[in-house]
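Here is what each chain is made of, one letter per residue.
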Amino acid sequence: MTAASKVVGEGRASVAKYEAYCVKCRAKREFEGTEVTLKNGRKAAQGICPVCGTKVMRILGKAS
Ligand SMILES: [Zn+2]
């Protein structure tokens, strides 16, 4: 019996493509981000700029 059960804990990690402005590149970048909910209740997509590695964030607006 070799039941190697791999448990990947992060079930809410839904990676999707977003576009955000990278302040370092000074350009719009497409990035793979995860949706997060900010403290003020707004939703945002958070990710890393694929070019320079800077954190980028895109505000998605209120959840409707
Ligand atoms: Zn960048």
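Our subject is the structure listed above.
Residues numbered from 1 in each chain as written. Predicted model: local features only at pLDDT ≥ 70, side-chain atom pairs only at ≥ 80, totals over all residues.

*Asks:* Quick rundown of the nonpolar core? Include the residues and the values.
*Replies:* By size, the foremost hydrophobic cluster in this structure holds five residues: Tyr-18, Ala-20, Phe-31, Ala-45 and Val-56. If sequence neighbours within four positions are ignored, Ala-45 has contacts with Tyr-18, Gly-33, Glu-35, Met-57, Arg-58 and Leu-60. (Core = buried A, V, L, I, M, F, W, Y, C linked by C-beta atoms within 7 Å. Buried ≥ 20, exposed ≤ 12 C-beta atoms within 10 Å, placed from the backbone. Contact = placed C-beta atoms within 7 Å.)

*Asks:* Give a description of unusual backbone geometry that names residues and reports values.
*Replies:* In this structure, Arg-26 takes a positive phi of about 55 degrees despite not being glycine. Mapped onto the elements of the fold, Arg-26 is located in the loop between β1 (15-22) and β2 (27-37). (Helix = DSSP H or I, 4+ residues; strand = E, 2+ residues; numbered from the N terminus.)

*Asks:* Lay out the sheet that holds strand β4 (residues 55-61) in plain terms, naming residues and giving numbers.
*Replies:* Either a parallel or an antiparallel arrangement is found when strands of a sheet pair, and the pairing is made through backbone hydrogen bonds. Ordered by their spatial adjacency, four strands build an open sheet running β1-β2-β3-β4, and the pairing between neighbours is antiparallel. Edge positions in the sheet fall to β1 and β4, since each has one partner strand and no second. Averaged over all pairs of adjacent strands, the angle between their axes in this sheet comes to 45 degrees, without regard to strand direction. When strand β3 (residues 43-48) meets β4, the two strands line up antiparallel, connected through six bridges. Across the sheet, the residue bridging to Ala-44 is Ile-59, located in β4. (Pairing = 2+ DSSP bridges. Axes fitted to C-alpha atoms, helices over the stretch in contact; angles between N-to-C directions.)

*Asks:* Would you mind going over the pairing of β1 in detail, with residue names and values included?
*Replies:* Examined bridge by bridge, β1 and β2 share eight bridges and lie antiparallel to one another. Following the sheet pairing, Tyr-18 is matched in β2 by Phe-31.

*Asks:* I'd like to hear about the pairing of β3, residue by residue, with values.
*Replies:* Bridging between β2 and β3 involves five bridges; their strand directions are antiparallel. Looking across to β3, one finds that Thr-37 is bridged to Lys-43. In sequence, β2 turns back onto β3 through a hairpin of five residues, with Gly-41 there showing a positive phi of about 90 degrees. The hairpin turn running from β3 into β4, its antiparallel successor, is six residues long, and Gly-53 in that turn takes a positive phi close to 85 degrees.

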